[in-house]
Amino acid sequence: MDPRRRVPRTDAVLEDPRLRAAEDRLGRATVKAAVVAAQQRARQGELAPAAVADAAVAALPVTAGGLRPVLNATGVVLHTNLGRAALSPAAAEAIVAASGYTDVELDLGTGRRARRGRGTMAALAAAVPDAGEVHVVNNGAAALVLAATVLAAGREIVVSRGEMVEIGDGFRLPDLLESTGARLREVGTTNRTSAADYAAAIGPRTGFVLKVHPSNFVVRGFTSAAGIAELTGLGVPVVADIGSGLLRPDPLLPDEPDAAGTLRAGADLVVASGDKLLGGPQAGLLLGDADLVERLRRHPLARALRVDKLTLAALAATLGGPVTPTWAALRADPETLRSRTQRLRDQVGGDAEVVASVAVVGGGGAPELTLASWSLSLPAGYAESLRTGDPPVLGRVERGRLLLDLRCVPPSADAEVARAVLAVAGGPSAGPGR
Ligand SMILES: *Cc1c(COP(=O)(O)O)cnc(C)c1O
């Protein structure tokens, strides 16, 4: 008999109560796709026809979002490939609360249209009182594009040769800036640029002077750079891309510039990212001179770069809320980490060891800062099975061992890490790398 005949029909499989319940959560199309894939496997003989519903249930995504939640045991706090900052519970709640209709552009008191996201803007302005005005766009790159378009399209941006940064995945700030029609006027050298270098390049074609924080590299040795304060008397705006988005100085991160300090030093406009050290949603923050920010805000391009209500909600909750997971991970107490890791070791046994390790900020911030940490060390062969497990657990391989650093794992998820490791140890692939 043709095995195709024995594979249950889609409608019949969808009657399964587990799949009907999943339809409410994930939508019919997603559930149906899982059923169709399972039927296909049954037709190819990979699956018993009676197991189609079970296989479809097993293959359902955890969420409808198309992104799988993962446990970040890499010891990299802002991991670009894992979405940089993990949002605080307050920010996550704010997103849910804003997901229906909201007063994002309406003043409920007057019933009139109001400035979009004004609550978020007020929170940002309150966090940085040195800023005359603030605005929020899609990300740091968008903030730079907006500034370059409005202030320097068809004109020149004066920038040091030591600050021509590649931010990652092949994207380079000089290319980004020139894509707006601005021309870069490079000054100084890779290792040394003086205020006089900038001054000599200023002319009628100058749009602004740009200072870029080299957030993902350090040049050492015979070096010097002009500070913001030295560049303020040149008669053109000074725009500072501080990168990682600290709003105020942080004693843990002495080499990272902050928005308040940069404005006080005399910058006319500060550009920063929302999802780096600030620990919020992806966003580009623009803070500075009121007239300047207002010009950016009213430019047609601003409409193309505007942020969603969900971002506005998460950003406000991050600014006003309790400490973020990023902040907490950067300050995790090594002794607590050691005892959590020891407990994990006791649970998984085998050839796992507790070892001292080093965590980093990652994500283009504080490249030199190392954080003393502890890790569970496992044979490297565990890496793939843990990564492809459920939930996926991401560690990092160092000198032939897989290290699991709990610094960025919520303590409430420690048991899940233990279960994942035990599942690999007891599974068919227990052998690799041992
Ligand atoms: C990260 C970074 C950017 C880009 O910001 P995104 O929010 O990733 O677009 C720009 N400049 C500097 C210095 C950065 O560190």
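Residues numbered from 1 in each chain as written. Predicted model: local features only at pLDDT ≥ 70, side-chain atom pairs only at ≥ 80, totals over all residues. Heavy atoms only, no water.

A. Geometry of the overall build of the protein. Helix and strand counts for the protein come out as 17 helices and 17 strands. Counting only C-alpha atoms and orienting by the principal axes, one finds that the protein spans roughly 85 × 55 × 40 Å. Going through the 434 residues of the protein one by one, you find that 46% of them count as buried. Restricting the contact set of the protein to residue pairs at least 6 apart, pairs at least 24 apart contribute 72%. On the protein, roughly 20900 Å² of surface is accessible, and the fraction owed to carbon and sulfur atoms is 53%. Computed over 48 positive and 46 negative side-chain charges, the inter-centroid distance for the protein is 5 Å. (Helix = DSSP H or I, 4+ residues; strand = E, 2+ residues; numbered from the N terminus. Buried < 20%, exposed > 50% of the residue type's maximum accessible area, 1.4 Å probe, protein only. Contact = heavy atoms within 4.5 Å. Areas by Shrake-Rupley, 256 points an atom, 1.4 Å probe, with all protein chains shown as cover. Lys, Arg positive; Asp, Glu negative; His and termini not counted. Charge placed at Lys NZ, Arg CZ, Asp CG, Glu CD.)

B. Broad picture of the pattern of salt bridges. One pass over the full model with this rule turns up 25 salt bridges. Salt-bridge contacts for Asp130 lead to Arg264; the nearest nitrogen and oxygen are separated by 3.1 Å. Highlighted residues: Asp130 in the loop between α6 (118-127) and β4 (133-137) and Arg264 in helix α10 (residues 259-264), separated in sequence by 134 residues. For Asp130, a relative accessible area of 33% puts it in the partly exposed group. Here Arg264 falls in the exposed class, since its relative accessible area comes to 61%. For the salt bridge of Arg172 with Glu166, the shortest nitrogen-to-oxygen distance reads 2.7 Å. The exposure class of Glu166 is partly exposed, given its relative accessible area of 34%. When salt bridges that share partners are traced, they join Glu105, Arg113, Arg116 and Arg306 into one network. (Salt bridge = Lys/Arg side-chain N within 4 Å of Asp/Glu carboxyl O.)

C. Summary view of the UniProt feature "modified residue: N6-(pyridoxal phosphate)lysine" (unreviewed entry) in the protein. Under the present numbering, the feature "modified residue: N6-(pyridoxal phosphate)lysine" (unreviewed entry) in UniProt falls on Lys276. Structurally, Lys276 can be placed in the loop between β11 (269-273) and β12 (284-288). (UniProt positions renumbered as here; feature names shortened; annotations may be inferred.)

D. How the structure looks around the nonpolar core. Ranked by size, the top nonpolar core spans 36 residues in total, and within it Leu124, Val128, Val136, Leu247, Val270, Leu285 and Leu287 carry the most contacts. If you list the elements that add at least two residues to this core, you get α6, β4, α9 (195-201), β10 (238-243), α10, β11, β12 and α13 (309-320). Discounting chain neighbours no more than four positions away, the residues touching Val128 are Leu247, Ala259, Ala260, Leu263 and Leu287. Ala152, Leu177, Val239 and Leu305 belong to the second largest nonpolar core, which has 29 residues in total. (Core = buried A, V, L, I, M, F, W, Y, C linked by side-chain atoms within 4.5 Å.)

E. The site of the ligand, seen in detail. Near the ligand lie 14 residues; those nearest to it are Arg84, Ser215, Asp241, Ser273 and Lys276. Here an oxygen atom of the ligand sits 2.7 Å away from a polar atom, N or O, in the side chain of Arg84. Separating an oxygen atom of the ligand from a backbone N or O atom of Gly140 is a distance of 2.8 Å. A total of 380 Å² of accessible area belongs to the ligand in isolation, and the protein chains cover 94% of it. (Near = heavy atom within 4 Å. Polar contact = N/O pair within 3.5 Å; in protein donor to acceptor, adjacent residues only side chain to side chain.)

F. Spotlight on a positive patch on the surface. Residues Arg155, Arg183, Arg205 and Arg295 make up a contiguous surface patch of positive charge. Locating Arg295 in the fold gives a position in helix α11 (residues 290-298). Residue class for Arg295 comes out partly exposed when judged on its relative accessible area of 47%. (Patch = residues over 30% accessible without salt bridge, like charges linked within 9 Å, V, L, I, M, F, W, Y side chains within 5 Å.)

G. A look at the domain arrangement of the protein. The assigned domain composition of the protein is domain 1 (3-59), domain 2 (71-82 + 327-425) and domain 3 (89-322). For domain 1 versus domain 3, the separation of C-alpha centres amounts to 49 Å. (Domains from an automatic or database assignment.)

H. Just helix α7 (residues 140-152), in detail. End to end, α7 covers 17 Å across 13 residues, agreeing with the expected 18 Å (1.5 Å per residue, within 8%). Burial in α7 covers these residues: Gly140, Ala142, Ala143, Leu144, Val145, Leu146, Ala147, Ala148, Thr149, Val150, Leu151 and Ala152. (Expected span 1.5 Å × (residues − 1).)

I. The sheet that holds strand β17 (residues 401-405), seen in detail. Strand order in the open sheet made by the four strands is β13-β14-β17-β16, with antiparallel pairing throughout. Of all the strands in the sheet, the pair left with one neighbour each is β13 (353-360) and β16 (396-398). Taking each pair of neighbouring strands and ignoring which way they run, the sheet shows an average axis angle of 45°. Two elements, β16 and β17, share three bridges in a ladder whose sense is antiparallel. Residue Val397 lies in a different strand from β17, and its bridge partner there is Leu402. (Pairing = 2+ DSSP bridges. Axes fitted to C-alpha atoms, helices over the stretch in contact; angles between N-to-C directions.)

J. Just unusual backbone geometry, in detail. The residue after Asp390, namely Pro391, is reached through a cis peptide bond having omega 0°. Within the chain, Arg84 stands out as a residue other than glycine whose phi angle is a positive 55°. Along the polypeptide, Arg84 turns up in the loop between β1 (71-72) and α5 (89-97). Non-glycine residue Arg399 carries a positive phi angle of around 45°. With respect to the helices and strands, the residue Arg399 is situated in the loop between β16 and β17. Using a relative accessible area of 80% as the deciding quantity, one classes Arg399 as exposed.

K. Molecular detail of the sheet that holds strand β5 (residues 156-160). Pairing is mixed across the open sheet formed by seven strands, whose spatial order is β4-β12-β11-β10-β9-β5-β8. Each edge of the sheet is formed by a strand with only one pairing partner; in this case those strands are β4 and β8 (183-187). Taken over all neighbouring pairs, the strand axes of this sheet differ in orientation by 25° on average, direction set aside. Pairing analysis gives four bridges linking strand β9 (residues 206-212) to β10, with the strands arranged parallel. Among the inter-strand pairings, Lys211 is bridged to a residue of β10, identified as Ala240. Each of β4 and β12 touches α6; the most contacted strand, β4, lies at about 125° to it.

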